[in-house]
Amino acid sequence: MSTTPHILIVDDEPNIVMSLEFLMRKSGYQVSIARNGTEALAAVDATAFDVVLLDVMMPDVDGYQVCRHLRQRPDRAGTRVIFLSAKSKEADIQKGYEAGADLYVPKPFSTRQLMTTVKNLLNTPA
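Residues numbered from 1 in each chain as written. Predicted model: local features only at pLDDT ≥ 70, side-chain atom pairs only at ≥ 80, totals over all residues. Heavy atoms only, no water.

The protein chain is annotated in an unreviewed UniProt entry as Response regulator from Hymenobacter endophyticus.

The next point concerns the nonpolar core. Formed by 22 residues in total, the largest nonpolar core has its most connected members in L8, V10, V52, L54 and F83. The biggest single contributor to this core is helix α3 (residues 63–71), with 4 residues. In this structure, L54 is in contact with V10, G63, V66, C67, V81, I82, F83 and L84, ignoring residues within four places of it in sequence. In this structure, I9, L53, I82 and L121 belong to the second largest nonpolar core, which totals 19 residues. (Core = buried A, V, L, I, M, F, W, Y, C linked by side-chain atoms within 4.5 Å. Buried < 20%, exposed > 50% of the residue type's maximum accessible area, 1.4 Å probe, protein only. Helix = DSSP H or I, 4+ residues; strand = E, 2+ residues; numbered from the N terminus. Contact = heavy atoms within 4.5 Å.)

One open sheet accounts for 5 strands, arranged β2-β1-β3-β4-β5; its pairing is parallel. Both outer strands of the open sheet, β2 (30–34) and β5 (103–106), are each paired with one neighbouring strand and no more. Between one strand axis and the next, the sheet turns through 20 degrees on average, direction left out of account. When strand β3 (residues 51–55) meets strand β4 (residues 80–85), the two strands line up parallel, connected through 5 bridges. Opposite L53, over in β4, you have I82 as the bridge partner. Of the strands in this sheet, β3, β4 and β5 touch α3, which is tilted by about 175 degrees from β4. Across the sheet, helix α4 (residues 90–99) is in contact with β4 and β5; its angle to β5 comes to roughly 150 degrees. (Pairing = 2+ DSSP bridges. Axes fitted to C-alpha atoms, helices over the stretch in contact; angles between N-to-C directions.)

Before going further, it helps to examine the UniProt feature "domain: Response regulatory" (unreviewed entry) in the protein chain. UniProt records the feature "domain: Response regulatory" (unreviewed entry) for residues 6–122 in the present numbering. Counted over residues 6–122, helix gives 46% and strand 21%. Its end C-alpha atoms are 10 Å apart. (UniProt positions renumbered as here; feature names shortened; annotations may be inferred.)

For the pair helix α1 (residues 14–26) and helix α5 (residues 111–123), interaxial distance at closest approach is 11 Å and the crossing angle is 50 degrees. Relative to α5, the element α1 is oriented oblique. The two elements α1 and α5 cross, and the hand of that crossing is right-handed. Here α1 contributes S19, L20, L23 and M24 to the contact with α5, which in turn contributes T111, L114, M115 and V118. Class assignment for the residues of the contact of α1 with α5 results in 6 nonpolar, 2 polar and no charged. (Parallel < 35°, antiparallel > 145°, perpendicular 65-115°, else oblique. Left-handed = near helix turned anticlockwise from the far one by under 90°. Nonpolar A, V, L, I, M, F, W, Y, C, P; charged D, E, K, R; others polar.)

All right, on to unusual backbone geometry then. Along the chain, K107 connects to P108 via a cis peptide bond; the corresponding omega equals -10 degrees. Mapped onto the secondary structure, P108 falls in the loop between β5 and α5.

For the structure on display, the rule yields 2 aromatic pairs. Ring centres 5.5 Å apart and planes at 65 degrees place the aromatic pair Y64 and F83 in the edge-to-face group. Here F83 lies in strand β4 and Y64 lies in helix α3, a separation of 19 residues in the sequence. Both residues of the pair, Y64 and F83, count as buried. Measuring from ring centre to ring centre gives 5.8 Å for F83 and Y104, while their planes differ by 50 degrees; the resulting arrangement is tilted. (Phe/Tyr/Trp six-rings, centres within 6.5 Å; stacked < 30°, edge-to-face > 60°.)

Structure, rendered in structure tokens:
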């Protein structure tokens, strides 16, 4: 990939967004931010992202809905989705994979570890 990977961070917690955005930019990625599910739906419709870091629990549209919406678009087939969620029960994780997630990372997570995960995903063909 010669183009800069484009990452969408979807989370309603400003602290998480800030730290992730900082690290992603530092790693040389292009970053967009959606602060809720509605913004996320608009973002994925407007732009083809390489990776979407998606919070599950948001006040309006949840992460599962955003992921399913994304998976219904053939033109977004290459987009990798990583769920970030405080919901770490087996059923929640299962639901995440059923919605079409590539990975499910329980909160709290290590940002450094997440960066490695994103890097690995970007280097593996979809």
